[in-house]
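An overview of the molecular structure
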Amino acid sequence: MASGKRAEFDNKVVGWIDERLPVFTLMQKEYGVFPTPRNFNYFWNFGAIAMTMLILMIVTGIVLAMHYTPHTGEAFNSVERIMRDVNWGWMIRYMHMNGASFFFIAVYIHICRGMYYGSYKKPRELLWILGVLIFLLMMATAFMGYVLPWGQMSYWGATVITGFFSAIPVIGEDIQTWLLGGFTVDNATLNRFFSLHYLLPFLIVGVVFLHIWALHVSGSNNPTGIEPQSNKDPLPFHPFYTTKDTFGLLVFLLFYVAITFWAPNVLGHPDNYIEANPMVTPAHIVPEWYFLPFYAILRAVTFGVNIYVAAGIGLMALAMLPVYCAQTAFKVPVIYNDKDKKNFNWNKFFVLFGLGGAIFMLGFLCQYELADGSKALALPFGQLIFATAKLGGVLAMFGSIALLFVLPWLDTHPVKSANFRPMFKIALLVLLVDFIVLGLVGMKPAAGLWIPLGQIATAYYMSFFLIILPFLNKFEKALPVPKSINEAVLAKKKAK
Amino acid sequence: MSAKAAKTHDDGGTRRDFLYLSAGAFGAVGVGSFAWPFLQSLAPAADTRALATVEVDLSPIEVGQAITVVWQGKPVFIRHRTEKEIEGARKTDVATLRDKESDEDRVIKPEWLVMVGICTHLGCVPLGQKKSDPKGDFHGWFCPCHGSHYDESGRIRKGPAPKNLTVPTYSFITDTSIRIG
Ligand code: HEM
Ligand code: FES
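What counts, and where the lines are drawn
- Residues numbered from 1 in each chain as written.
- Chains lettered and ligands numbered in written order.
- Predicted model: local features only at pLDDT ≥ 70, side-chain atom pairs only at ≥ 80, totals over all residues.
- Heavy atoms only, no water.
- Donors = N, O, S within 2.8 Å, 3.2 Å for Na, K, Ca; no water.
- Tetrahedral: all angles 85-135°; square planar, octahedral: opposite > 155°, others 65-115°.
- Helix = DSSP H or I, 4+ residues; strand = E, 2+ residues; numbered from the N terminus.
- Near = heavy atom within 4 Å.
- Polar contact = N/O pair within 3.5 Å; in protein donor to acceptor, adjacent residues only side chain to side chain.
- Nonpolar A, V, L, I, M, F, W, Y, C, P; charged D, E, K, R; others polar.
- Pairing = 2+ DSSP bridges.
- Axes fitted to C-alpha atoms, helices over the stretch in contact; angles between N-to-C directions.
- Buried < 20%, exposed > 50% of the residue type's maximum accessible area, 1.4 Å probe, protein only.
- Contact = heavy atoms within 4.5 Å.

**Some details on the coordination of the iron atom of ligand 1**
All names here are of chain A. Around the iron atom of ligand 1, the protein contributes the donor atoms His-96 (NE2) and His-197 (NE2), which lie 1.9 to 2.0 Å from the metal centre. Coordination at the iron atom of ligand 1 is octahedral, judged from the six donor atoms that bind it and the angles of 86 to 179 degrees they form at the metal. Within this pair, whereas His-96 is found in helix α5 (residues 89-116), its partner His-197 is found in helix α9 (residues 187-218), the two being separated by 101 residues in sequence.

**As for the site of ligand 1**
All names here are of chain A. In the vicinity of ligand 1, 25 residues are found, and the nearest of them are Gly-61, Arg-93, His-96, His-197 and Tyr-198. In this structure, an oxygen atom belonging to ligand 1 sits 2.6 Å away from a side-chain N or O atom of Arg-93. At 2.8 Å, a side-chain N or O of His-96 approaches a nitrogen atom of ligand 1. Those elements giving two or more residues to the shell around ligand 1 turn out to be α3 (46-65), α5, α6 (125-147) and α9. Residues that form the shell around ligand 1 fall into these classes: 19 nonpolar, five polar and one charged.

**Digging into the sheet that holds strand β7 (residues 156-158) of chain B**
Residues and elements named next belong to chain B. On the basis of which strands lie adjacent, the open sheet formed by three strands has the order β5-β6-β7 and antiparallel pairing. Each end of this open sheet is capped by a strand with a single partner; those strands are β5 (139-143) and β7. Direction aside, neighbouring strands of the sheet carry axes that sit 35 degrees apart on average. One ladder, built from four bridges, connects β5 with strand β6 (residues 148-151); its direction is antiparallel. Along β6, the bridge assignment pairs Phe-142 with His-149.

**Let's talk about helix α2 (residues 23-32) of chain A**
Residues of α2(A) that are buried include every one of A:Thr25, A:Glu30 and A:Gly32, and no others. Looking at the buried side of α2(A), the elements it contacts are α1 (12-20), α9, β2 (234-236) and α10 (237-262) of chain A.

Written out as structure tokens, the structure is:
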């Protein structure tokens, strides 16, 4: 790391230490003079905010762990004791509880920022992947943390989520038993979740370190999406961004503190103040709000994979193949892609894709249940299911996160920032609305119109990544991009 | 490897490859056998496994009543079925079912229906044990989580669950008591 030129320090003690272990040189280089694009907007605050929330979670968590008892007989009461008897316990627990929510708010905004400004593109692919990994670890941590207070939602949430594993064919049930350490969610489960809930945040710290290391290799992206070219483009991190980050952080914390003190339970579920009862399921199980969109995707798959569903998906993928391969040397052995890949034959595409869609719908209708429990359509082999709806839902849910991992290779359009990509911008903003709709669907019981709504929203989510992005790579014409960051900043100033 | 080949110098690569491969293989076996006890420690412990059977006295359960007992930490539904329920379960055409099982295959004595009270969808406890509970469209059990309907035999009839409610292994110790597990 800071093995190159060392900085000079006036303070003798600092100088002495730095000569032997150049931590001060490192800080100076990475956070003092570190060149940072001069045109950041407030969306660039959320990395620092997320980092602060992580530290806050660890501090409050360690103190909570000093009062908490990971045993099915005691857990619920020990949390109630924290709330009533431990000095300031109520505050520390509410900080931890709402801290998780605000951590997710910060990270969601941070991810949206990255998507809008194309921060996942070359040379930041690995930086992005590490970010998605952090998100995944956070979800695991929060899920296990939510089990600890051993309320009804803790218990039944854990039952439903670990039940996903039983969807795996043949060995699923054994895996589930192994994960739980018993035949149901019980003391063994609670204990291991506590152990892992303590461990994972420190793993997150490790991945955050790699994330920031990668960031300091490539440098930050910025609202124009063009890389700095001359020394007119960046500013030293300190004092410009230390100040801006601190200001943004304080505003964010204001909201966090307001919720924590005035409405500490609005984001939670009242059923979690009832102790876990393995014999009684609450009427309506909902996960924490930050999981709702993914929960909706899980439940959107109400049908298994029969030959029609499989053939339909296969045909649609075949139609998309030339689009996927547009930027590669690979010659798609499908009739309608001419050699120089210029003339895209829309008619043939629509026929093939439409046919795939129609066959998919037939497979869906074969499994669509009418009010009397019979099926909407009877076709030969329609009831022959290769993968159950349960497995399909689990795959769709994990797939929706997996798509984030491969985003850098799905969107290969050369222009990064959505500001210069009008079509991408619309598609992305629709995705944002779509994600919120999924969240609403996840909150409601799976009944009535919420089911088709969740299915349509899931279809859009998947299509954004697998259909829209590849098409935009091929067809979207970007607006003129400014020559440099400096020029963009000056032009904006003039316009005012 | 022939003695002649072993003497030539450019054969060193093969020997080295062999050493790498065998060292790697031993290493992998070593890591595996080190990891095994740790992975096994996560599986159900002896005391958890020891709770694997439970005995239930059926004599206090009246016709038309049901009780829930705990076995391996799971709720087990025991229902003393009425004539009407047995008849309803038996006249259903098995071929039309999602998980094709006849009522005869799901009970030892027709009046006693014993099954694990965990929805085969994602593991909620279905309603239908109490008189006041909703019993779904098929006079059995109804899972409120995502709306699975089970019939008088605990077979899935409607909703997202893929399978019938599981019948645990059990046997009659006397005419009016059973051992589950
Ligand atoms: C990534 C950081 C973390 C996240 C997202 C997180 C999330 C959560 C959540 C959602 C809960 C349930 C809150 C409730 O409803 O009561 C919880 C509880 C808990 N967490 Fe964390 N946590 C994090 C870090 C930590 C750390 C580092 C520790 C300990 C060293 C810890 C210890 C605890 C304890 C003891 C509880 C149970 C008490 C309670 O429910 O308030 N947490 N955590
Ligand atoms: S768990 Fe019973 S219907 Fe989903």
